[in-house]
Amino acid sequence: MGIRRVQWKVGRVKITKVVELETVGSTRFILPLASNEEIQKLPWLIPHFATEEGRLKMSIHSLVVETPRRRIVVDTGLGNDKQGRNVPTWNNRTTPFLETMTAAGFAPDSIDTVLCTHLHVDHVGWNTMLVDGKWLPTFPNARYVMGQVEFDHWRSQHERDDMEAIFADSVKPVYEAELVDLVETDHRVCDEISLVPTVGHTPGHVSVHIRSDGEEALITGDFMHHPCQIARPHWSSTADSDPDQAQQTRERMLKELSERPVLVIGTHFAGATAGHIVRDGDAYRLAV
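Residues numbered from 1 in each chain as written. Predicted model: local features only at pLDDT ≥ 70, side-chain atom pairs only at ≥ 80, totals over all residues. Heavy atoms only, no water.

1. Details of the overall build of the chain
Broken down by element type, the chain carries 7 helices and 15 strands. A compact globule built from 288 residues would reach a C-alpha radius of gyration of about 19 Å, and the chain, at 18 Å, matches this within 12%. Here the chain, with 288 residues, has 56% of them falling under the buried criterion. Long-range pairs, those at least 24 residues apart, make up 65% of the contacts in the chain between residues at least 6 apart in sequence. Carbon and sulfur atoms provide 48% of the accessible area of the chain, an area that totals close to 12,100 Å². Seen as two clouds, the 30 positive and the 40 negative side-chain charges of the chain have centres 5 Å apart. (Helix = DSSP H or I, 4+ residues; strand = E, 2+ residues; numbered from the N terminus. Rg over C-alpha atoms; globule rule 2.2 N^0.38 Å. Buried < 20%, exposed > 50% of the residue type's maximum accessible area, 1.4 Å probe, protein only. Contact = heavy atoms within 4.5 Å. Areas by Shrake-Rupley, 256 points an atom, 1.4 Å probe, with all protein chains shown as cover. Lys, Arg positive; Asp, Glu negative; His and termini not counted. Charge placed at Lys NZ, Arg CZ, Asp CG, Glu CD.)

Right, here's the structure in full:
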């Protein structure tokens, strides 16, 4: 499936989605309660977010956020040449992701900020690239903004071999290059961009709030992996570090987002990727 770009405007801010990987099915290990039968009970998911058979569609992508003065990448996907990943196909990847970004006008050296919603494998991979056997910062002119709580948590996870590899090749090199800014979960990045604490998926997880000229958007990160969790917020991901807290975060955010016109951009949402949270009986859905 080809790598494509999708764009939105929020006031004077432009957001561009650059896809690294799209999948159909094979996602039950992430959302075990999202069976084909249960997904078919939510017809609004089709065709953007699921197939007629009830198979989930998901995406791994970065979002480039351009303000009048800043050029920000939110989350950096899987990356190339990585090893030690638990999902076999996430190892030794060779994709034209950087070439696609550059062709779209986003050369790596033009990025001034990298925001990591959290430090899981599919959100930090392109923080670095392999050059002559050494992991170097992919965005050499950027400050890498990471949550202090998130950073401290994963730095201490010595017993998790997969996280050790992720930290070693995708986080530690930019930290040692003195490019990392460790911030609070409600940090304000610039006039238009601020972080929102949405913990539960990880201890320091954040979403990214965008406000410009009276318009608003929210980049979710992984407090929701798939739009089916909008209708079923109790469907927790197997990757949630605290499933109860993650559910509480979803319920709180869904209520807040349904009460005002916020464009919700899903970090793993395929197809249309973005929409507005609206009431659907006693639940919610994503109107695209």
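Back to the write-up after that little detour.
2. Quick look at helix α7 (residues 243-258)
Helix length check: α7 (16 residues) gives 22 Å between terminal C-alpha atoms against 22 Å at 1.5 Å per residue, within 8%. Where the residues of α7 are buried, they touch β10 (193-197), β12 (215-219), α6 (228-231), β13 (262-265), β14 (274-280) and β15 (283-287). (Expected span 1.5 Å × (residues − 1).)

3. What about the environment of Val 278?
Examined against the element boundaries, Val 278 turns out to sit in strand β14. Val 278 gets classed as partly exposed once you look at its relative accessible area, which sits at 25%.

4. Points about helix α4 (residues 148-155)
Helical geometry: 3.6 residues make up each α-helical turn, so side chains three or four residues apart lie on a common side. Taken as a whole, α4 has its buried residues at Glu 150, Phe 151 and Trp 154. Viewed along the axis of α4, the buried residues span an arc of 95°, placing them on a single side of the element. (Arc of directions from axis to C-beta.)

5. Quick notes on the nonpolar core
Membership of the largest hydrophobic core comes to 30 residues, with the highest contact counts inside it found for Met 101, Leu 119, Tyr 144 and Met 146. Only β3 (57-66), α2 (97-103), α3 (121-124), β8 (143-147), α4 and α5 (161-176) provide two or more residues apiece to this core. Considering every element that reaches this core, the biggest residue donor is α5, with 5 residues. Filtering out sequence-adjacent residues up to four positions away, Tyr 144 remains in contact with Val 114, Asn 127, Pro 137, Thr 138, Phe 139, Val 174, Leu 179, Val 180 and Asp 181. Core analysis: the next-biggest nonpolar cluster, separate from the first, contains 26 residues, Ile 30, Ala 50, Ala 231 and Leu 254 among them. (Core = buried A, V, L, I, M, F, W, Y, C linked by side-chain atoms within 4.5 Å.)

6. Comments concerning the layout of surface pockets
Here the largest pocket defines a volume of roughly 680 Å³. Looking at the lining of the largest pocket, the elements that each hand over two or more residues are β2 (13-24), β3, α3 and α5. (1 Å grid on protein atoms, 1.4 Å probe; cavity = no way out; pocket = protein on both sides within 12 Å on 5 of 7 lines; lining within 4 Å. Points joined across faces, edges and corners; volume = space filled by probe spheres on them.)

7. Let's talk about the packing of aromatic side chains
Taken as a whole and judged by the stated rule, the model has 4 aromatic pairs. A centroid spacing of 5.8 Å and a plane angle of 20° characterise the contact between Phe 97 and Trp 126, whose relative ring orientation is stacked. You can see Phe 97 sitting in helix α2 and its partner Trp 126 sitting in the loop between α3 and β6 (128-131), a full 29 residues away along the chain. Like Phe 97, the residue Trp 126 is buried in the burial classification. Relative to Tyr 175, the ring of Phe 151 lies with its centre 4.8 Å away and its plane at 40°, an arrangement referred to as tilted. Separated by 24 residues along the polypeptide, Phe 151 in helix α4 and Tyr 175 in helix α5 bring together distant segments of the chain. Phe 151 sits in the buried class, given a relative accessible area of 0%. Among the aromatic residues, those joined into a cluster by ring pairs are Phe 151, Phe 167 and Tyr 175. When the ring centre of Trp 135 is taken as reference, the NZ or CZ atom of Lys 82 above it lies at 3.9 Å. (Phe/Tyr/Trp six-rings, centres within 6.5 Å; stacked < 30°, edge-to-face > 60°. Lys NZ or Arg CZ within 6 Å of the ring centre and 35° of its normal.)

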